[in-house]
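Structure assessment
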Amino acid sequence: MQTLDLKQTRNNYENAARSITRRIIICAGTGCMANGAMKVHDRFVDAIAKAGLPVTTELKAEHTRPAKTLVSSSGCQGFCQMGPLVTLMPDNILYTKVTPADVDDIVTTTLINHQPVDRLLYKDPATGHSCRGTDDIPFYTRQTRSTLKACGALDPENLHEYIAGGGYLMARKAYTELSAKALCDEILLSGLRGRGGGGFPTGRKWELTRVQPEPKKYVICNGDEGDPGAFMDRSVMEGNPHSVLEGMMITARAIGADEGYIYVRAEYPLAVKRMRKAIADAEAAGVLGDNLFGAGQALRLHVMEGAGAFVCGEETALIASIEGKRGMPSPKPPFPAQSGLWGKPTVINNVETLATVPLILAAGASEYRKQGTPGSPGTKTFALTGHVANTGLIEVPFGTTLREIIFNIGGGVTRLDGTQDPQGFKAVQIGGPSGGCLTRDHLDLPMDFDSLKGVGAMVGSGGLVVMNQKTCMVRIARFFMQFTQNESCGKCVLCREGTRQMLGMLDDITEGRADADSLALLEKLANAVQKGSLCGLGKTAPSPVLSTLRHFRAEYEAHVHGKTCPAGECKALARPEINPALCKGCTACVKKCPVNAITGERKQPHSINASLCIKCGVCAQTCKFNAIAGV
Amino acid sequence: MTTPRNKFDKVCGILDRYERKPAQLIPILQAVQEEYRYLTEEMMTYVATSLGLPPARVYGVATFYSHFALEPKGKYVIRLCDGTACHVKGSNPILEVLWKKLNLSEQKKTTPDLLFTVETVSCLGACGLAPVVVINEEIFGQVTPEKACQLVDDIMAKEKN
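Residues numbered from 1 in each chain as written. Chains lettered and ligands numbered in written order. Predicted model: local features only at pLDDT ≥ 70, side-chain atom pairs only at ≥ 80, totals over all residues.

Things to note about the overall build of chain B
The condition that has to hold: In this description a helix means any DSSP run of H or I spanning at least four residues, a strand means any run of E spanning at least two, and both kinds are numbered starting from the N terminus. Once C-beta atoms have been placed from the backbone, residue pairs whose C-beta atoms lie within 7 Å are recorded as contacts.
If you tally the helices and strands in chain B, you get eight helices and four strands. Starting at the N terminus and ending at the C terminus, chain B contains elements arranged as α-α-α-α-α-β-α-α-β-β-β-α. Judged by the C-alpha coordinates and their principal axes, chain B covers about 50 × 35 × 25 Å. Of the contacts formed within chain B by residues at least 6 apart in sequence, a portion of 59% connects residues at least 24 apart.

Describing the overall build of chain A
Heads up, the condition is: Our radius of gyration is a C-alpha quantity, and the globule rule it is checked against amounts to 2.2 Å times the number of residues to the power 0.38. Field definition: a residue is buried when 20 or more other C-beta atoms are found within 10 Å of its C-beta, exposed when 12 or fewer are, and partly exposed for counts in between, with C-beta atoms placed from the backbone.
Each helix and strand counted, chain A has 25 helices and 20 strands in total. Over its C-alpha trace chain A gives a radius of gyration of 27 Å, about what one expects of a compact globule, namely 25 Å for 631 residues. Taking the principal axes of its C-alpha atoms as reference, chain A extends roughly 85 × 65 × 40 Å. A total of 631 residues make up chain A; the buried ones form 53% of that total. Long-range contacts, defined as pairs at least 24 residues apart, comprise 71% of the intrachain contacts of chain A with a sequence gap of at least 6.

Points about unusual backbone geometry
All names here are of chain A. Omega for the peptide link from G83 to P84 comes to -5°, which places this bond in the cis form. Mapping P84 onto the fold places it in the loop between β3 (68–74) and β4 (86–89). Each neighbour pair has its own omega, and for M89 with P90 the value is 5°, a cis peptide bond. With respect to the secondary-structure elements, P90 resides in the loop between β4 and β5 (93–95). Of note in this structure, T587 is not a glycine but carries a positive phi near 70°. With respect to the helices and strands, the residue T587 is situated in the loop between β17 (577–578) and α24 (588–592). Phi angles above zero are rare outside glycine, and N596 is one such case at about 50°.

Looking at the interface of chain B and chain A
The condition is simple: Residues are grouped as follows: Ala, Val, Leu, Ile, Met, Phe, Trp, Tyr, Cys and Pro are nonpolar; Asp, Glu, Lys and Arg are charged; every other residue, Gly included, is polar.
Each partner contributes residues to the interface: chain B has 32 residues there, and chain A has 41 residues. Of all the elements in the fold, those that place two or more residues in the side of chain B that touches chain A are α3 (25–36), α5 (55–64), α6 (84–88) and β4 (138–140) of chain B. By residue number, the principal contributor to the side of chain B that touches chain A is α6 of chain B, which donates four residues. A class-by-class count of the residues in the side of chain B that touches chain A yields 19 nonpolar, 13 polar and no charged.

Some details on the sheet that holds strand β3 (residues 133–135) of chain B
Residues and elements named next belong to chain B. Here is the rule we go by: For two strands to be treated as a pair, DSSP must find no fewer than two bridges joining them. In this analysis, axes come from line fits to C-alpha atoms, helices being fitted only over the stretch in contact, and the angle between any two N-to-C directions falls in the range 0 to 180 degrees.
The strand order across the open sheet built from four strands is β2-β1-β3-β4, with neighbouring strands paired in mixed fashion. Each edge of the sheet is formed by a strand with only one pairing partner; in this case those strands are β2 (116–121) and β4. The average undirected angle you get between the axes of adjacent strands in this sheet is 20°. The pairing of β3 with β4 spans three bridges and is classified as antiparallel. Paired with V133 across the bridge in β4 is F140. Along the sheet face, helix α7 (residues 91–102) touches β1 (76–81), β2 and β3 and points at about 155° away from the line of β1.

Some words on the domain arrangement of chain A
Residues and elements named next belong to chain A. The criterion, for reference: These domain boundaries are the output of an automatic or database domain assignment.
Split by domain assignment, chain A resolves into domain 1 (6–141), domain 2 (159–368), domain 3 (379–471), domain 4 (474–560) and domain 5 (574–629). For domain 2 versus domain 3, the separation of C-alpha centres amounts to 28 Å. If you look at the interface, domain 2 gives 14 residues, while domain 3 gives 17 residues. In terms of residue class, the side of domain 2 that touches domain 3 is built from four nonpolar, five polar and five charged.

So, the domain arrangement of chain B
Note on interface size: it is often stated as the accessible area lost on association of the parts. Domain parsing of chain B yields domain 1 (4–64) and domain 2 (76–160). With centres defined by C-alpha atoms, the gap from domain 1 of chain B to domain 2 of chain B works out at 30 Å.

Digging into the environment of Q77 of chain A
Residues and elements named next belong to chain A. Take Q77: it is sitting in the loop between β3 and β4. On the basis of neighbour counts, which here come to 30 C-beta atoms within 10 Å, the residue Q77 falls in the buried class. In the structure, Q77 is positioned 48 residues away from G29 in sequence and 7.2 Å away in space, judged by C-alpha atoms. If we skip the residues at most four places from it in the chain, Q77 touches C27, G29, L85, T87 and G152.

Considerations on the environment of L361 of chain A
Residues and elements named next belong to chain A. Along the chain, L361 turns up in helix α14 (residues 351–363). By the C-beta count within 10 Å, which is 23 here, L361 ends up buried. Between the C-alpha atom of L361 and that of G412, which follows or precedes it by 51 residues, the distance is 36 Å. Not counting residues up to four positions away in its chain, the partners in contact with L361 are M170, K173, A174, E186 and I250.

A look at the sheet that holds strand β10 (residues 300–305) of chain A
Strand pairing within a sheet occurs via backbone hydrogen bonds; the two strands may be parallel or antiparallel. All names here are of chain A. Across the sheet, four strands lie side by side as β10-β9-β8-β11; this open sheet has parallel pairing. In this open sheet, the two strands that pair with only one neighbour each are β10 and β11 (346–350). In this sheet, neighbouring strand axes are inclined to one another by 20° on average, regardless of whether the strands run parallel or antiparallel. Pairing geometry for strand β9 (residues 259–264) and β10, over six bridges, is parallel.

A look at helix α8 (residues 180–190) of chain A
All names here are of chain A. Quick note on the threshold: Directions are taken from the helix axis to each C-beta atom, and the arc is the one they span.
If you check which residues of α8 are buried, you get L183, C184, E186, I187 and S190. The buried residues of α8 all sit within an arc of 160° when viewed along its axis, so they share a single face. Buried residues along α8 sit in contact with α7 (169–176), α9 (202–210), α11 (241–255), α14 and α15 (365–368). Positive backbone phi, approximately 75°, marks G191, located one or two places after α8.

Structure representation (structure tokens):
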């Protein structure tokens, strides 16, 4: 098989790109797709052709003049809240919430008359100013996008475009210019830490595997992003799959592996498809194969689709799953670096870690270290979700404060109906079911691996779920406990039975059955589960409980002793009452009540029959006079 | 009429595609499920024997991973995301409405006419759109209980015609 000439490919692509006068990039991330992005894409192709302008949907090397407009799709552009997103280059205009009905207007106003369509531009809620593009929108200008930079701009299914942007140059350098030892040293020097949650130094992991005498080794990409509230890895696999392959190629060179697996969560069908296509394209072009860059080394990559088990994110469980077994973790040592897949030395790196590797080689370790903090260099992607104005995918240097992320990038906290709530911030949940909650006191804490550990939370994979004052923290703890209880593989007794008991105790608390000893017992059991479990799932399963107990103990006590839920979320503790002084007897609530529990004469104060009431809260929402409280 | 021989033709094709390697058990079961929509005891035993594995091992894998179904699923599988972001944005009332509308529950996930299955999933990774509902492959974002009912009504109307 012939090796692809990267320089020639780049030249061909750049020549072809000269025939493109304007490029329209439609975000085809999961969020925008769900809002109809592909309809917008197709409408653009039709509308441009109808306007008599030459249009194409794929940039091919043989393209020559006449000049054309290229309509392409990209991976997630990050600003999911405002989708579907459409970017126009070279104008650098970003249109938000674009529907197929807006397309004709864009073609006439922008493509033909070179004016922006003001109504589709993002308006900064703070100033009311119309922002023209990503260089003008605070959500983007306050970020440092490096891993995500190409994700959202390039066409993820076009290998040539990846190469034209300098892609696979670092893989070639790794195979033709650098020794395995030098690669491990460079990554160790960069201080890169695993982005999957633990933050283990990647260079050390590689070195441990490199020195194993066994000739057969494996590289595995962990794309089993199971943390609820996290979608960074999905976006990278969907938006820039070749960067993950390049990272794997470099890893394979550093440890001496000739075979690898990409384990992708089954809930991510598009990521599976894109990774498979990327491998097929790279093999067809001679980037991957039996003789990488003429250096005499082979690399074969396979995609393995997960089957729905959160515990498979744990590396030994993931290996068992690839081997066709139940995904149950095994004790360490031996570490996968010594005895991993089929008993051979194996490196498992997270998607984001692998996508960062080529960037580090390109910049150099010392340049890379300039971003972030000394203990946690570089940038980190976060999935910002929950009660926040700008939900989406963001990337910031380690050490950025929570305040910057939530209020400046995220645009502040919102109520359930989506309106701004300046005083609404209650907590942010970080690190999923293994992580913890951060409160108002932590808003100015620089976020990195070590500082978060110090306050009982963790970076985890990077899900940040913002919660407003109406969120009951006991219920959040219960939510995560239900998750881990469900996902416990059952191997360790304390994880299997302990999480079940903890869930039962949390049910007692939220349903008013807890007594004076409940909290002490819950804490004791939480500590036991932490100590008595083998893998990360069990060891961290009690974290959401312990963290909320630490920061929101008063809320737990209100449930236990006062039998009330301060946030008003626990229905079993709700005691809806009509304040006779405020009730005007308008009968609006009577009509809305689904179980006819409210009675009363017109223009006389009404009352609620507690034995019939199902505490649904419809009456309180209906009442214009705020006369109904306690639900 | 189905004869015992051709009944397993498709499974044999799948087994051959994966070279009858026991290590490929999970992809094989995924392919079998895609073909038949769920895994019967007979199929699992057949796969086990063909791969030279004990049936208990195949059953163990099939019950360990949540994607394998041992009972038939409905024509329309409604998957409601109950990830953290969807949860705090109100996925629970949507589930209650869907259960009530289709007369389903935690234990009873599929309607008797095999038209609908309602399941929850931990996270679909579309948190920017929370709460999210996926019907077969199609994703719906920012769903409300009313919108969820409407989606079900639309399918029912389509099926009647």
